[in-house]
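Structural features, examined
Residues per chain, in single letters:
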Amino acid sequence: MQFKTKLIPLAGAIAFAFAGAASAQELVVKIGHVGPISGAIAHLGKDNENGARMAIDELNAKGVMIGGKKAKFELLAEDDGADPKQGTAAAQKLVDAKVNGVIGHLNSGTTIPASKIYFDAGIPQISPSATNPKYTQQGFKTAFRVVANDGQLGGTLGRYAVQINKAKVIAVIDDRTAYGQGVADEFIKGVKSKGIPDGQIVRQFTNDKATDFNAILTSIKSKNPDTVFFGGMDAVAGPMLRQMKALGINAKFMGGDGICSEALAKLAGDAMGDNQVVCAEAGGVEDTQKKGMEDFRAAFKKKFNADVQIYAPYVYDAVMVMVEAMKKAGSAEPAKYLPELAKIKHQGVTGNIAFDDKGDIKEGTLTLYTYKGGKREVVTVTK
């Protein structure tokens, strides 16, 4: 009896030692994601979150090694409701959870204030969709983005409006958010660079919760514009197109990536004419890279039974870029992999990813789209 009594604790100790050794070889890596999962643009926020989940699931299936240890990736997803105050609260929650890195936020208006919280905590942040130039102009070495900024996007659309669409009188409406106002300002700069004077540009404002645009559209109609540019999101752009049709405003409708979703046609209903809308998405692939994007979209559809809206591929790439930096550094500790992230070169489904000294993507591409028969079609990919 005495002999058996001694063996049992010994066997238990050996089993515990093996279990401890196994757990010591597993590295838990927490990656935060923040986007609007509630509110008017929840469909875009869910698109982003699904892009992150797809990347996390693939990484765990591969058995990624970081610093000689098998990494187990966990996604900590937060909802910011596209609201700056809720966004900073979500950011602080992720900092308190000691995440290893953050992918997000979706909107510039939430990304910019949240970036200070991540910077103070030393946590790398990659936005897949925030395009306001101010995000990377704050001097935060933790801030990166994998899409072109508003200077590129809005300016390109402005030049396109004049050169290709032959716009003469242009109405510009924005929703007063950091994103909407920023892209509208850059659009106007692009228009002016092609010779359109102030007197032929009409400026109006709304907000990102508005549903009634009759007053501003009636004012615009009196100027007889051939082009209306909207700085904002698709949830507002759809009803705006409906009310434009009701008022008999037969103008081209343009906007940035906020309106450039698969959902816009449904939101606008029969108010959208073929080729009436021209929008630009920050990002895009050319030639040999097209198959990779097509394969991603097919895999995404199979996994989530939903089409990619806009940003899911960029979220996916942002996660992969962050993990690639961890692998190169041999560590998931933010301070150790941050230098590798700053100098990363990664071939993603959205194209080649490398950052400049501000954290902006180098040579970011843009894709211009229109809509025919309620379906989004590529017009061109440009830089």
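You'll find the structure just up there.
Before going into details, it helps to say that this report is about the structure given with it. (Residues numbered from 1 in each chain as written. Predicted model: local features only at pLDDT ≥ 70, side-chain atom pairs only at ≥ 80, totals over all residues. Heavy atoms only, no water.)

**Things to note about the overall build of the protein chain**
Using the following cut-off: Secondary structure elements follow DSSP: runs of H or I of four or more residues count as helices, runs of E of two or more count as strands, with numbering from the N terminus. Our radius of gyration is a C-alpha quantity, and the globule rule it is checked against amounts to 2.2 Å times the number of residues to the power 0.38. Throughout, exposure labels follow a simple rule: accessible area from a 1.4 Å probe, protein chains only, divided by the maximum for the residue type, with under 20% read as buried, over 50% as exposed, and the rest as partly exposed. Note on definitions: a residue-residue contact is assigned when non-hydrogen atoms from the two residues lie within 4.5 Å. Note that accessible areas follow from Shrake-Rupley with a 1.4 Å probe, and for residues the cover is restricted to the protein chains shown. Counted as positive: Lys and Arg. Counted as negative: Asp and Glu. His and the chain ends are not counted at all. Here the site of a charge means atom NZ of a Lys, CZ of an Arg, CG of an Asp or CD of a Glu.
Looking only at helices and strands, the protein chain features twelve helices and 15 strands. For 383 residues, the compact-globule estimate of 2.2 N^0.38 gives 21 Å, and the C-alpha radius of gyration of the protein chain, at 24 Å, lies within 12% of that figure. If you line up the protein chain on its principal axes, its C-alpha atoms span 100 × 40 × 40 Å. Residues counted as buried form 53% of the 383 residues belonging to the protein chain. Long-range contacts, defined as pairs at least 24 residues apart, comprise 69% of the intrachain contacts of the protein chain with a sequence gap of at least 6. Here the protein chain displays about 16500 Å² of accessible surface, and carbon together with sulfur accounts for 53% of that area. Of the side-chain charges in the protein chain, 48 are positive and 41 negative, and the distance between the mean point of each set is 3 Å.

**Notes on the nonpolar core**
Most often, soluble globular proteins have nonpolar side chains that are buried together. Heads up, the rule is: For this analysis, a nonpolar core means a set of buried residues of the types Ala, Val, Leu, Ile, Met, Phe, Trp, Tyr and Cys, connected via side-chain atoms within 4.5 Å.
Core analysis: the biggest nonpolar cluster contains 71 residues, and Phe 73, Ile 126, Phe 187, Val 319 and Leu 341 have the highest contact counts within it. Looking at which element gives the most residues to this core, the answer is helix H11 (residues 312-329), with twelve residues. If we skip the residues at most four places from it in the chain, Val 319 touches Ile 31, Ala 52, Ala 55, Ile 56, Leu 59 and Ile 103. Ranked by size, the runner-up nonpolar core spans 29 residues in total, among them Val 228, Met 244, Cys 279 and Tyr 369.

**Remarks on the pattern of salt bridges**
Put simply, the rule reads: Salt bridges are counted wherever a side-chain nitrogen of Lys or Arg sits within 4 Å of a carboxyl oxygen of Asp or Glu.
For the structure on display, the rule yields 20 salt bridges. Lys 116 is the partner of Asp 120 in a salt bridge, and the nearest nitrogen-oxygen pair spans 2.7 Å. With Asp 120 and Lys 116 both in helix H4 (residues 108-121) and four residues apart, this pair spans about one turn of that helix. What makes Asp 120 exposed here is its relative accessible area of 53%. Arg 376 serves as the salt-bridge partner of Glu 262, at 3.8 Å between the closest nitrogen and oxygen. In this pair, Glu 262 is assigned in the loop between strand S10 (252-255) and helix H9 (264-268) and Arg 376 in strand S15 (residues 375-382), connecting sequence segments 114 residues apart. Three or more residues joined by partner-sharing salt bridges are found here, namely Asp 174, Arg 176, Asp 185 and Arg 203.

**Considering the state of the cysteines**
Put simply, the rule reads: Any cysteine sulfur atom paired with another within 2.5 Å is treated as part of a disulfide.
Throughout the structure, instances matching the rule amount to one disulfide. Residue pairing for Cys 260: its cysteine sulfur links by disulfide to Cys 279, the two sulfurs lying 2.1 Å apart. In this structure the cystine formed by Cys 260 and Cys 279 twists about its S-S bond by roughly 65 degrees; its chirality is therefore right-handed. In this pair, Cys 260 is assigned in the loop between S10 and H9 and Cys 279 in strand S11 (residues 277-282), connecting sequence segments 19 residues apart. Overall, the relative accessible area of 0% leaves Cys 260 in the buried class.

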